[in-house]
Amino acid sequence: MMTVNEVSKLTGVSVRALQYYDRIGLLKPTEYTAAGYRLYDDTALEMLQQILLFKELEFPLKEIKEILSRPDYDRGKALEQQITLLTMKKEHLENLIEFARGIKLVGVKNMDFTVFDTKKIDEYARQAKAQWGQSDAYKEFEQKAKGRSKEEEQTVAEGLMQLFVEFGKLKAAKAQPDSANVQSQVGKLQDYLTQNYYQCSNDILLCLGDMYAGGGDFTANINTAAGEGTAEFAASAIRIYCGK
């Protein structure tokens, strides 16, 4: 058995994220000590591996929970998809490295941008998601994204990040998460997600808030764009907004 701190050190998943996984029923500890501390066995760690693999495919936690609880869930199939996707990403990175080395050695000799093309990776990820993503939110997201070009998708993503930049400005101005201005910004975030991605209920927004501040790429990207601590600040405001 491993404690939550030991699992966090082993996996790189924050203690806070593991506690949240327990709260939402995504990853329950094997048992609790008499003092209430979480303990995890090898089976729980294997489940955590599956959760992290689906996160690599950029599934929201709510959908991961739904997938893993299905009677038709095929772990082997999911692993094969993940191996394929990671291999494609690895090859893409290796090509970029070789391209950069060539520029360093001989300079730019032609305007060949094919090395930056990720269409095959994007398409494979889309197909993999289509096989597992059966939730209403995912279906709605697919429907909205279907008609958008890559440039339009980029514009939508930039618009989302701009909302976090505004959170960063409010934080820098010493606004409190429960202040009217900050709570209004949470409302704008929820409206934007509903308009561009899927119907963002308070439950979904709460899950997203914990994901934004749970560590990893989401947290790093938000804090890089909007200032250190902005992801955590926004998550605190979201919890207040959702009555938590």
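Structure: above.
Residues numbered from 1 in each chain as written. Predicted model: local features only at pLDDT ≥ 70, side-chain atom pairs only at ≥ 80, totals over all residues. Heavy atoms only, no water.

Student: I'd like a rundown of the overall build of the chain, residues and numbers included.
Tutor: What the chain contains, in helices and strands, is twelve helices and three strands. Taking all 244 residues of the chain together, 40% fall into the buried category. Of all intrachain contacts in the chain linking residues separated by at least 6 positions in sequence, the fraction that spans at least 24 positions is 62%. Accessible surface for the chain amounts to roughly 14,300 Å². Of this, 54% is attributable to carbon and sulfur atoms. (Helix = DSSP H or I, 4+ residues; strand = E, 2+ residues; numbered from the N terminus. Buried < 20%, exposed > 50% of the residue type's maximum accessible area, 1.4 Å probe, protein only. Contact = heavy atoms within 4.5 Å. Areas by Shrake-Rupley, 256 points an atom, 1.4 Å probe, with all protein chains shown as cover.)

Student: Outline helix α12 (residues 230–241), supporting the account with residue identities and numerical values.
Tutor: Between its first and last C-alpha, α12 extends 16 Å over twelve residues, near the 16 Å set by a 1.5 Å rise per residue. The complete set of buried residues in α12 reads T230, A231, F233, A234, A235, A237, I238 and R239. Just downstream of α12, G243 is the residue with a positive phi angle, here 75°. (Expected span 1.5 Å × (residues − 1).)

Student: Go over the sheet that holds strand β3 (residues 38–40) with me, naming the residues and quoting the values.
Tutor: If you walk across this open sheet you meet the three strands as β1-β3-β2, and the pairing is antiparallel. Two strands in the sheet have a free side with no partner beyond their single neighbour: β1 (2–3) and β2 (31–32). For β2 and β3, the ladder comprises two bridges, and the chain directions are antiparallel. If you follow E31 over to β3, its bridge partner there is L39. (Pairing = 2+ DSSP bridges.)

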